[in-house]
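Summary of the model geometry
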Amino acid sequence: MKASQFFISTLKEAPAEASLASHQLMLRAGLIKSVASGLYTWMPMGLRVLRKVENVVREEMNRAGSVELLMPVVQPAELWQESGRWEFYGKELLRLKDRKDADFCMGPTCEEVITDIVRKEISSYKQLPKNFYHIQTKFRDEIRPRFGVMRAREFVMKDAYSFHADFESLQATYQDMYDAYCRIFNRLGLDFRPVAADTGSIGGTGSHEFQVLADSGEDVIAYSDASDYAANIELAPTLPLSGERAAAQATLNKVHTPNVKTIAALVGFLDIPIEQTLKSIVVEGEEEGEIVLLLLRGDHEFNDIKAEKLAGVKSPLSMAAPEAILAQFGANGGSLGPVGFKGKIYADFATEKGTDWVIGANEDDYHYTGFNFGRDSAEPEFVDLRNVVEGDTSPDGQGRLKLARGIEVGHVFQLRDKYSKALNASFLDNNGKSQIMEMGCYGIGVTRVVAAAIEQNHDDRGIIWTPAMAPFEVVIVPMNYKKSEAVREAADRIYAELQAQGVDVLLDDRDERAGVLLNDSELLGIPHRIVIGDRGLKEGNVEYAQRRDAESQSVAVDDVVAQVAAVLKAH
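Residues numbered from 1 in each chain as written. Predicted model: local features only at pLDDT ≥ 70, side-chain atom pairs only at ≥ 80, totals over all residues. Heavy atoms only, no water.

What counts is decided by this rule: UniProt positions are given in the numbering used here, feature names are shortened, and annotations may be inferred rather than shown by experiment.
An unreviewed UniProt entry lists the protein chain under the name Proline--tRNA ligase, with Neisseria weixii as the source organism. Heading Catalytic activity (unreviewed entry) of the UniProt record for the protein chain holds this comment: "tRNA(Pro) + L-proline + ATP = L-prolyl-tRNA(Pro) + AMP + diphosphate". Its UniProt record gives the protein chain a comment under Sequence similarities (unreviewed entry), which states: "Belongs to the class-II aminoacyl-tRNA synthetase family. ProS type 1 subfamily."

1. Describing the side chain of Gln-211
As a reminder of what qualifies: Elements are defined by DSSP. Helices are runs of H or I of four residues or more, strands are runs of E of two residues or more, and each kind is numbered from the N terminus. Buried residues are those whose accessible area, probed at 1.4 Å on protein chains only, stays under 20% of the maximum for their type, while exposed residues exceed 50% and partly exposed ones sit between those limits. Whenever a nitrogen or oxygen atom comes within 3.5 Å of another N or O atom, the pair is scored as a polar contact, on the condition that within protein one atom can donate a hydrogen and the other can accept it, and that pairs from neighbouring residues in sequence are kept only if both atoms are in side chains.
Relative to the elements of secondary structure, Gln-211 occurs in strand S10 (residues 206–213). Gln-211 sits in the buried class, given a relative accessible area of 0%. At 3.1 Å, the side chain of Gln-211 and the backbone nitrogen of Ile-407 are in polar contact. Among the polar contacts listed, one links the side chain of Gln-211 to the backbone nitrogen of Glu-408, at a separation of 3.1 Å.

2. Remarks on the nonpolar core
Definition in use: Remark: nonpolar core denotes a set of buried residues (Ala, Val, Leu, Ile, Met, Phe, Trp, Tyr, Cys) joined through side-chain atoms within 4.5 Å. Where a domain begins and ends is set by an automatic assignment or by a domain database.
By size, the foremost hydrophobic cluster in this structure holds 66 residues, and its most contacted members are Met-26, Tyr-181, Phe-185, Leu-188, Val-449 and Trp-465. Taken together, domain 1 (51–235 + 403–454) and domain 3 (474–570) each give at least three residues to this core, which thus spans both. Counting 24 residues, the second-largest nonpolar core is a separate cluster that includes Ile-530, Leu-537, Val-560 and Leu-568.

3. Let's talk about the environment of Ile-281
Heads up, the rule is: For this analysis, residues touch if any pair of their heavy atoms sits within 4.5 Å.
Among the secondary structure elements, Ile-281 is positioned in strand S14 (residues 278–284). Through-space distance from the C-alpha of Ile-281 to that of Val-557 is 71 Å; in sequence the pair is 276 residues apart. Setting aside residues up to four positions removed in sequence, Ile-281 forms contacts with Val-292, Leu-293, Leu-294, Leu-296, Phe-302 and Met-319.

4. Remarks on the pairing of strand S23 (residues 438–445)
Stated precisely, the cut-off is as follows: Pairs of strands are assigned from DSSP output, requiring at least two bridges between the strands.
Buried residues dominate S23, accounting for 8 of its 8 residues. Going residue by residue along S23, you find Glu-438, Gly-440, Tyr-442 and Ile-444 tucked away on one face and Met-439, Cys-441, Gly-443 and Gly-445 tucked away on the opposite face as well. By the bridge criterion, 8 bridges tie strand S8 (residues 154–164) to S23 in an arrangement that is antiparallel. Across the sheet, the residue bridging to Asp-159 is Gly-443, located in S23. Summarising the sheet, strand S20 (residues 401–416) and S23 pair through 6 bridges and their orientation is antiparallel. Note that in S23 the partner of Phe-413 across the bridge is Cys-441.

5. Here's the deal with the sheet that holds strand S4 (residues 74–76)
Stated precisely, the cut-off is as follows: Inter-axis angles, ranging from 0 to 180 degrees, are taken between N-to-C directions of lines fitted to C-alpha atoms, where helices are fitted over the stretch in contact.
Taken in spatial order, the 3 strands line up as S4-S6-S5 in an open sheet, and their pairing is antiparallel. One side of each edge strand has no neighbouring strand; the edge strands of this open sheet are S4 and strand S5 (95–97). Put simply, the sheet's adjacent strands are angled 40° from each other on average, direction ignored. As paired elements, S5 and strand S6 (residues 103–106) share 3 bridges and run antiparallel to each other.

6. What to know about the sheet that holds strand S30 (residues 553–556)
The 5 strands are arranged S27-S26-S28-S29-S30 in an open sheet whose pairing can be described as mixed. Of all the strands in the sheet, the pair left with one neighbour each is strand S27 (505–507) and S30. Across the sheet, the axes of successive neighbouring strands diverge by a mean angle of 25°, strand direction being ignored. The strands touched by helix H13 (residues 514–524) within the sheet are strand S26 (474–478) and strand S28 (528–532), with S26 carrying the most contacts at an inclination of about 170°.

7. Let's talk about helix H7 (residues 263–270)
Using the following cut-off: In this description, the arc belongs to the directions extending from the helix axis to the C-beta atoms.
The set of residues buried in H7 consists of Ile-263, Leu-266 and Val-267. Along the axis of H7, the buried residues cluster in a sector spanning 100°; they form a single face. Facing away from the buried surface of H7 by more than 90 degrees, the exposed residues are Ala-264 and Gly-268. Residues of H7 that are buried in the fold lie against S14, strand S17 (357–360) and strand S18 (366–371). Remark: Asp-271 follows H7 within two positions and exhibits a positive phi of approximately 55°.

Structure follows, in structure tokens:
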């Protein structure tokens with residue numbers, strides 16, 4: 001491709017609203033152009049990258065036995081109402097009406113549509129298992145779109161759905177998809193981790209996220225320094241502490257703590273270590289009017305996903321209303337604790353062996369020092385209530401946990417019968433008995449992969465594409481292409497020879513200054529660059545560099561095609 005026939009539109013500076021490196025560089029390199037909040041046009045250079053990602057995804061999905069189809073962007077409300085998600089999904093679901101006043105939505109995902117297809121087409125165990133996928137535009141009406149295509153309202157996703165006669169078959173396909181995802185992200189050249197994850201709004205009984213490691217990632221993952229254990233921090237369990245609880249040393253003492261409503265203020269007021277404090281979180285119970293008290297160490301972070309799964313706790317998790325708290329504790333938030341509380345109490349594992357805690361006294365502006373379980377209140381039920389921290393024992397018992405930030409680019413789920421049961425996707429087994437199908441679903445955020453790759457691969461000069469994702473493999477940068485016949489002839493010949501060898505090459509024949517051409521080649525991140533100038537040609541040489549190289553090397557003009565082709569083949 002010649003640049004004069006293509007379209008390159010770069011910027012010296014990124015717009016002020018772009019904060020992430022990927023957002024800045026995608027705008028500066030002209031990969032995307034903003035249309036409205038969370039909506040982007042994929043420009044020719046960016047679309048080439050997107051298609052490269054799609055091709056790798058498509059090849060590996062086909063290899064794994066998934067069959068491609070294409071489902072609509074607009075979906076009828078009836079299917080979502082049948083599954084129960086029409087109201088549950090919330091305002092992220094963009095609802096609309098057609099000219100007949102019928103309800104539809106812009107699909108954020110396709111569980112309902114694919115299940116409807118399968119229940120109409122498959123009736124016998126002999127037709128199972130089946131695995132379908134498509135690569136399609138999705139829409140989620142994010143309340144605050146940000147970070148460019150990382151969290152846009154419209155995006156491209158590969159979603160696959162499998163259907164099975166039994167759970168064993170589902171598990172086999174789940175493993176196939178897990179392995180396929182590993183191959184996809186390895187081929188794309190990404191540093192990633194598969195991690196155990198919560199099923200979230202999709203539902204089901206088991207899932208794994210695929211996280212690209214990046215300091216800018218919104219997610220935190222925990223992984224062992226001695227094994228292959230890894231999980232999203234929301235799901236990583238903590239373990240009960242070993243050993244015996246030490247004997248109490250202090251007596252229970254009520255202390256006046258005026259206007260102290262937070263752990264930070266309490267620590268400062270009493271000049272005590274934060275590890276000595278307990279914080280109280282009050283949530284609604286399953287029964288009407290019931291509340292549950294949750295206790296954890298002041299320096300630990302509450303995990304609401306874990307708390308929501310506790311017996312007697314209302315799901316979805318809801319914080320107790322201030323008036324309910326006042327009625328049952330006789331005090332407001334910031335001064336609460338277990339002394340005298342008659343309801344259900346859960347305390348985090350990390351508190352079980354501790355003594356002489358500082359805790360709210362259930363009287364506004366007062367706290368207790370020297371609080372001890374068993375002596376000053378009944379022993380609570382000790383459970384896992386917090387996020388893990390670095391240094392915690394790995395849940396598999398091997399090594400200690402480390403934390404890293406990641407960007408979720410893929411997610412696989414064992415849905416089981418969540419949607420097949422709701423939509424009555426059934427089949428006749430080998431005994432002629434009707435059974436509900438088992439389901440799995442498997443998603444990859446194709447547009448997000450592009451942004452995540454940039455977050456992981458860039459420098460102060462621009463993008464550094466991995467070979468599988470680069471819009472072009474090689475860029476030829478001729479100095480004075482329009483004016484120098486020698487440069488033009490050499491550039492055209494090298495261009496033609498690379499094309500003849502099947503190399504995806506861009507000849508930047510734009511009539512621009514040398515600085516513009518060189519800066520754009522680095523900003524665009526094309527892996528290999530050949531610079532041709534009159535001075536080098538007089539000595540029979542051109543300059544060759546890989547994008548990650550600090551310096552270019554002088555190569556004989558007659559050898560450069562063979563050398564570049566050899567490097568590309570080695571990759």
